[in-house]
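Next come the chains, spelled out residue by residue.
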Amino acid sequence: MAEQESLEFGKADFVLMDTINVTEFMANLKLRFEKGRIYTYIGEVIVSVNPYRPMNIYGKDTIEQYKGRELYERPPHLFAIADATYKAMKRRSKDTCIVISGESGAGKTEASKYIMQFIAAITNPSQRQEVERVKNMLLKSNCVLEAFGNAKTNRNDNSSRFGKYMDINFDFKGDPIGGHIINYLLEKSRVIVQQRGERSFHSFYQLLLGGPEKLLRSLYIEKNAAAYNFIKSGGVVKSAINDTAHFNLVADAMKVIGFTADEIQTVYKIIATILHLGNLKFSMDGDSTLIESSKLVSVIAELLSTKTDAVEKALLYRTVATGRDVIDKQHTDQEASYGRDAFAKAIYDRLFCWIVNRINDIIEVKNYDARIHGKNTVIGVLDIYGFEIFDNNSLEQFCINYCNEKLQQLFIQLVLKQEQEEYQREGIPWRHIDYFNNQIIVDLVEQQHKGIISILDDACVNVGKVTDKMFLEALNTKLQKHAHFSSRKLCASDKTLEFERDFRIKHYAGHVVYSVVGFIDKNKDTLFQDFKRLMYNSSNPVLKNMWPEGKLSITEVTKRPLTAATLFKNSMIALVENLESKEPYYVRCIKPNDQKSPLLFDEYRCQHQVEYLGLMENVRVRRAGFAYRQTYERFLQRYKMISEFTWPNHDMRSDQEAVKKLVECGEFQHDVAYGKTKLFIRTPKTLFTLEERRTRMIERIVLFLQKVWRGTLARLRYKRTRAVSIIINHYRRYKVKSYIREVGRRFQSVGTMKDYGKHVKWPTPPKILRKFDETLHSVYQRWRAFLLIRSVPPADLPQVKAKVAALENLKGQRGDLGFQRSWEGNYLATKRDNPQMTPAFSARANELKRKDKYMSPLFSSHVRKINRFNKSEDRAIFITDRHLYKLDPMKQYQVMKTIPLYNVTGMSVSTGKDQLVVFHTKENKDLIVCLHKMEPANENRIGELVGVVANHFRRDNNCRGGFFFFFGLASRTKIYGGGKKSTSATLTTKILVNKVLNCNWPISPTSATWKKVRKDTFR
Ligand SMILES: Nc1ncnc2c1ncn2[C@@H]1O[C@H](COP(=O)(O)OP(=O)(O)O)[C@@H](O)[C@H]1O
Ligand SMILES: [Mg+2]
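Residues numbered from 1 in each chain as written. Chains lettered and ligands numbered in written order. Predicted model: local features only at pLDDT ≥ 70, side-chain atom pairs only at ≥ 80, totals over all residues. Heavy atoms only, no water.

S.K.: An account of the overall build of the protein is requested, with residue identities and associated values reported.
M.R.: For the protein, the count of helices and strands is 34 helices and 27 strands. The C-alpha atoms of the protein give a radius of gyration of 60 Å, which is well past the 31 Å a tight globule of 1019 residues would have. Counting only C-alpha atoms and orienting by the principal axes, one finds that the protein spans roughly 180 × 80 × 55 Å. Within the span of the protein, comprising 1019 residues, buried residues form 53% of the whole. Relative to all contacts within the protein whose residues are 6 or more apart in sequence, the contacts with residues 24 or more apart total 65%. In the structure as shown, the protein presents an accessible area of about 49400 Å², 52% of it carried by carbon and sulfur atoms. Here the protein contributes 161 positively and 113 negatively charged side chains, and the mean placements of these two sets differ by 18 Å. (Helix = DSSP H or I, 4+ residues; strand = E, 2+ residues; numbered from the N terminus. Rg over C-alpha atoms; globule rule 2.2 N^0.38 Å. Buried < 20%, exposed > 50% of the residue type's maximum accessible area, 1.4 Å probe, protein only. Contact = heavy atoms within 4.5 Å. Areas by Shrake-Rupley, 256 points an atom, 1.4 Å probe, with all protein chains shown as cover. Lys, Arg positive; Asp, Glu negative; His and termini not counted. Charge placed at Lys NZ, Arg CZ, Asp CG, Glu CD.)

In structure tokens, the structure reads:
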């Protein structure tokens, strides 16, 4: 049952109707047709209404939707049946078949094509070439068969005028590996005559309208269908089908399938021969019969690759064997015409059968070995002519309708049987169902001795002239009591029947009046042996092969051939036997109107079909007590949410028990039966109630699922984040640890190294340890410094500290800071710098020591001083821990100026090689000097001067609290340092803003920039 569609489209399964009656059935069918839902189920049977318009429901997407699905999972569709068939075949390795029935124009052939397409689409996923070839052949063969076996009738522009049963063979993997076609009774009378408004087989028009000029010329035919008697009786040439295009398609298909060029040529020759035969006329000249158009005879002879006189003889004479003698008996013109028509029909029929055989040769399964390839299974597709009632119904209609009776019988048997078997399997008692069994009509037709076919055969066998009337008489006598047979003689009041011409059969599908005219001839289906021999003697091997029985000599042909009706009956019995052995699936086609209109739903016509197709019975059988059945598992899956005992999962021992509980909760227990594996529900009402409750719960379930799912997502996210952070932490820890370990490893023995590990390369720290790394560096450096300093003799310490101070202030700003040499500081007291004047300087220093009470001298040097007028003079500076003295070397180092050190706010030196230094003072009276006269002459002492002074101030600051006063003025110093508020000499300003000092110094300072060393940076 298909549950997915909304009820606005009607009920997807007729079994779900509230009450079973025709009115409701029709209303549902109509509603669905109008809503464009052409398919509806009756259980597993599908009812299809011809939409008479292209429907967008056969595309790839739809195929995907139905592929591998169960019948009830999707809205009703032909594909669902095709898939069910395929699955049954594949899963259970069972042969299956699809029986498509319905009247002419109801859509059987279209359905069979869609089924083939679906099967082709879902098989051979691995695209094996051989399988693709087979599929292509199967699809292409259809096109050829339709050209030769279909015709336009008043009911259908593309009506199949033959029955077709096609087996598709599959290997164990379910891939098609070949096929076989059986054709049934081609309506060959159409070759020579058609009813008004109808056409002959498409092949004639295709050749005439689509054949290339050259081909037509070689066949001696012209592009004019009206010129040929055999195909003009219907009065129509055109149909909705494009003959020209189809000619090419068919020619192409024949080539693809594997017809040789000779074979295709012969096919055209046969068609042309038939057209020419139709134009042959006979006349009597005294006793002898003449062919009026002898030219045509030679054309025919040429086309058939025989001799002209042989053709002529076959048309005019008949060879008869009387005992041992063989004589030629001349036809009357009537007999000759009869012979000609029979010949035309026969060669077309032969051609058609030959085409089917050729296709079979090609698509047949080859090289299949069940031991290697596994079991070979088949799906059969039966597309056979539907029930027909014409104005004039003859033997063809009789056969066709008999065929439909047989199929209906099979349908009843199988559907009932299936149903009964299911009940048996499920252990549910079977109840009798009332339905019409058409076996009685089948018997009326086919019973031995008593049936119509037997009576007809008897009439044909009788020697002497038996007429159609005599046959009707025999029917009247033998069947007068039969409830389904009547004639005017048996029912004199029935004016719809003509005396001595008509009889009526009450078919299951309706009453049909048959005219007996032509029954005997058609049944005998006489074709004079002469024609068979003529064809066999053709020098065209293709033609010769079509007529093997022409080989027999006249005296050998004694056995009476089976009659047409008996042949047909036998083929039907064989067909039914074949279908019975398979698992059947049914497609029941309905034609909505006779106008081929997509809009019209002719209720009367439809209801008639619904009745004779036995669809109501089908519903009844299916509903025999139970409208719906489903396996417990599936049932639970669908409805478990409506009971707390089953949602989300039950804890009972079996699904069956759970279903029982669910049913009891809903109080449906009086409307169900429990089978072994399935639950059976009696009325659709219960099912709808279940559906309603389910729909109501679905909303909540959706919310619930959303909630759970959101929760799940959030939990997943949380877990992942947590996992990520744990991983990160562990990784960080690992990085930190491995860094520390690495530092430990590298620095393990630095204590014993000569440079205390200075050369050791530090590992790169992880980001997080940057700060720590800095601290560690400084710790290490302090340690190393400590070790280094420890090794310095105490006397050298002040010098080392001064060097450090110099480095701190000038690192990277000046070239040579003089670290390599020892800093003696008080150079004026050394013999090297001051060989002559050392005593004078020492005396002065001692005097100052006494006077100013300094503790130690820091620095002394000869300098050249520059005043604000750019005048230079030789001077000396002497820096003690208390004062900066400017001395005059010419006058025994007489003190010219004394600046207490605390008045010195900063020093400026350049970054060049010069030894210019500016002492800034609080009074803004800067002292600008340039060291000179040092020994050796190029010794640069600026580094030393800055280092010694800086070191002094630092030390002072560290140990002498009184010096804080000095720093109280720092702010002013800063302003001064910025140079903005300076009101002092221009020169000072110049220096402070790092401009070029334009003086005549020993070394040009032009390249130098100035570095100001402020006292507060000495700290
Ligand atoms: N499923 C369908 N979709 C569209 N048109 C259809 C469909 N089935 C049938 N038809 C139309 O109806 C016509 C007759 O169908 P066909 O299958 O030849 O009938 P049948 O074989 O039963 O005599 C087709 O030529 C086509 O125009
Ligand atoms: Mg058809």
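What follows picks up the thread again.
S.K.: Any details on the coordination of the magnesium ion (ligand 2)? Residues and values, ideally.
M.R.: As a benchmark, a tetrahedral metal site with four donors has ideal angles of 109.5 degrees, while an octahedral site with six donors has ideal angles of 90 or 180 degrees. Looking at the magnesium ion (ligand 2), one finds its protein donor set to be Thr-109 (OG1) and Ser-160 (OG), positioned 1.9 to 2.1 Å from the metal centre. Separated by 51 residues along the polypeptide, Thr-109 in helix α4 (residues 108–122) and Ser-160 in strand β5 (residues 159–160) bring together distant segments of the chain. Assessed through its relative accessible area of 12%, Ser-160 is described here as buried. (Donors = N, O, S within 2.8 Å, 3.2 Å for Na, K, Ca; no water.)

S.K.: Which residues make up the sheet that holds strand β14 (residues 502–507), and what are the values?
M.R.: Across the sheet, which stays open at both edges, the three strands sit in the order β13-β14-β15 with antiparallel pairing between neighbours. Edge positions in the sheet fall to β13 (485–487) and β15 (510–515), since each of these pairs with one other strand and no more. Direction aside, neighbouring strands of the sheet carry axes that sit 25° apart on average. With three bridges connecting them, β13 and β14 associate as antiparallel partners. Residue pairing in the sheet places Ser-487 in a bridge with Phe-503 of β14. (Pairing = 2+ DSSP bridges. Axes fitted to C-alpha atoms, helices over the stretch in contact; angles between N-to-C directions.)

S.K.: With reference to specific residues and values, describe the packing of aromatic side chains.
M.R.: Under the criterion given, the structure shown has 35 aromatic pairs. Arranged with centres 6.1 Å apart and planes meeting at 75°, the rings of Tyr-827 and Phe-859 form a pair that is edge-to-face. Of this pair, Tyr-827 sits in the loop between α29 (797–810) and α30 (838–852) while Phe-859 sits in strand β20 (residues 857–866), and the two are 32 residues apart along the sequence. For the pair formed by Tyr-827 and Phe-859, the shared burial category is buried. One aromatic cluster in this structure is built from Phe-398, Phe-471, Phe-485, Phe-503, Tyr-514 and Phe-519. Positioned above the aromatic ring of Phe-259 is the side chain of Arg-358, whose terminal nitrogen or guanidinium carbon lies 5.7 Å from the ring centre. (Phe/Tyr/Trp six-rings, centres within 6.5 Å; stacked < 30°, edge-to-face > 60°. Lys NZ or Arg CZ within 6 Å of the ring centre and 35° of its normal.)

S.K.: Describe the site of ligand 1, listing the residues and the values that go with them.
M.R.: In the region of ligand 1, 16 residues are neighbours, and Asn-50, Gly-105, Lys-108, Thr-109 and Asn-156 sit closest. One of the side-chain N or O atoms of Asn-156 is found 2.8 Å from an oxygen atom in ligand 1. The separation between an oxygen atom of ligand 1 and a polar main-chain atom of Asn-158 is 3.4 Å. Here ligand 1 has 560 Å² of accessible area as a free molecule, and 85% of this is covered by the chains. Of the residues contributing to the shell around ligand 1, the split by class is five nonpolar, seven polar and four charged. (Near = heavy atom within 4 Å. Polar contact = N/O pair within 3.5 Å; in protein donor to acceptor, adjacent residues only side chain to side chain. Nonpolar A, V, L, I, M, F, W, Y, C, P; charged D, E, K, R; others polar.)

S.K.: Now, about the environment of Lys-596: what can you tell me, with residues and values included?
M.R.: Summarising the element assignment, Lys-596 is placed in the loop between β16 (583–590) and α23 (603–612). A residue is classified by how much of its surface remains accessible, and Lys-596, at 25% relative accessible area, is partly exposed. Ignoring any residue separated from it by four or fewer positions in sequence, one finds Lys-596 in contact with Tyr-52, Lys-152, Thr-153, Asn-154, Arg-155, Asn-156 and Asp-157. Within polar-contact distance, the side chain of Lys-596 engages the side chain of Asp-157 at 2.9 Å.

S.K.: Before we move on, can you summarise the pattern of salt bridges with the specific residues and values?
M.R.: Between side chains of opposite charge, a pair can form when the charged atoms approach closely. In the structure shown here, the tally under the stated rule is 49 salt bridges. The partner of Glu-691 in a salt bridge is Arg-638, with the nearest N and O atoms 2.9 Å apart. With Glu-691 in helix α27 (residues 684–747) and Arg-638 in helix α25 (residues 632–639), this residue pair connects regions lying 53 residues apart in the sequence. For the pair shown, Glu-691 and Arg-638 are each scored as buried. For Arg-844, the salt bridge is made with Glu-847, and the minimal N-O distance between the two is 2.9 Å. One end of the pair, Arg-844, and the other, Glu-847, are both in helix α30, three residues apart, so they sit about a helical turn from each other. (Salt bridge = Lys/Arg side-chain N within 4 Å of Asp/Glu carboxyl O.)

S.K.: An account of α29 is requested, with residue identities and associated values reported.
M.R.: When the terminal C-alpha atoms of α29 are compared, their 20 Å separation across 14 residues agrees well with the 20 Å that a helix rising 1.5 Å per residue should span. One or two positions beyond α29, positive phi appears at Gly-812, with a value near 80°. (Expected span 1.5 Å × (residues − 1).)

S.K.: Pulling in residues and values, what's your account of the nonpolar core?
M.R.: Counting residues in hydrophobic clusters, the biggest one holds 116 residues, and the most contacted among them are Phe-148, Phe-204, Tyr-348 and Leu-351. Per-element tally for this core: the top contributor is helix α13 (residues 333–363), with 15 residues. Formed by 73 residues, the second largest nonpolar core is a distinct cluster that contains Met-17, Phe-33, Phe-411 and Ile-455. (Core = buried A, V, L, I, M, F, W, Y, C linked by side-chain atoms within 4.5 Å.)

S.K.: Can you tell me about the sheet that holds strand β17 (residues 628–631), naming the residues and giving the values?
M.R.: Pairing is antiparallel in the open sheet, where three strands are placed in the order β17-β19-β18. The strands lining the two open edges of the sheet, one partner per strand, are β17 and β18 (672–674). Across the sheet, the mean angle separating the axes of adjacent strands is 20° when strand polarity is ignored. As defined by bridge partners, β18 adjoins strand β19 (residues 678–681) across three bridges and the pair is classed as antiparallel. By the bridge assignment for β19, Tyr-674 is matched with Leu-679. Contacts between helix α15 (residues 395–426) and the sheet are confined to β17, β18 and β19, with β19 contributing the most and set at about 120° to the helix. Running over the sheet, helix α26 (residues 655–665) touches β18 and β19 and is turned about 165° from β18.

S.K.: Describe in detail the confidence of the model for the protein, supporting the description with residues and values.
M.R.: Residues with a pLDDT of 70 or more make up 91% of the protein, whose mean pLDDT is 85. Per-residue pLDDT, averaged within each element of the protein, yields its smallest value for helix α32 (residues 964–968) (23) and its largest for helix α10 (residues 261–278) (96). Every residue in residues 959–1007 scores below 50 in pLDDT, and together they form 71 contacts with partners more than four places removed in sequence or on other chains. (pLDDT = per-residue confidence, 0-100.)

S.K.: Residues and numbers for a nonpolar patch on the surface, please.
M.R.: On the surface, a cluster of nonpolar side chains totalling about 250 Å² of accessible area is made up of Phe-704, Leu-705 and Val-708. By secondary structure assignment, the location of Val-708 is in helix α27. (Patch = residues over 30% accessible without salt bridge, like charges linked within 9 Å, V, L, I, M, F, W, Y side chains within 5 Å.)

S.K.: A description of the environment of Pro-51 should follow, citing residues and the corresponding values.
M.R.: Tracing the sequence through the fold places Pro-51 in the loop between β2 (45–49) and α2 (60–66). For the pair Pro-51 and Lys-113, spaced 62 residues apart in sequence, the C-alpha separation works out to 15 Å. Beyond its immediate stretch of four places on either side in the chain, Pro-51 contacts Phe-33, Ile-38 and Pro-598.

S.K.: I'd like a rundown of the side chain of Ser-597, residues and numbers included.
M.R.: With respect to the element layout, Ser-597 can be found in the loop between β16 and α23. A polar side-chain atom of Ser-597 sits 3.2 Å from the main-chain amide nitrogen of Leu-600.

S.K.: How would you explain the pairing of strand β9 (residues 288–291) if you had to name every residue and give the values?
M.R.: Where burial is concerned, the two faces of β9 differ: the one with Thr-289 and Ile-291 is buried and the one with Ser-288 and Leu-290 is not. The pairing of strand β8 (residues 282–285) with β9 spans four bridges and is antiparallel. Bridging from a neighbouring strand, Ser-283 pairs with Leu-290 of β9. Hairpin connection, β8 to β9: the antiparallel pair is bridged by two residues, and Gly-286 has positive phi, about 65°.

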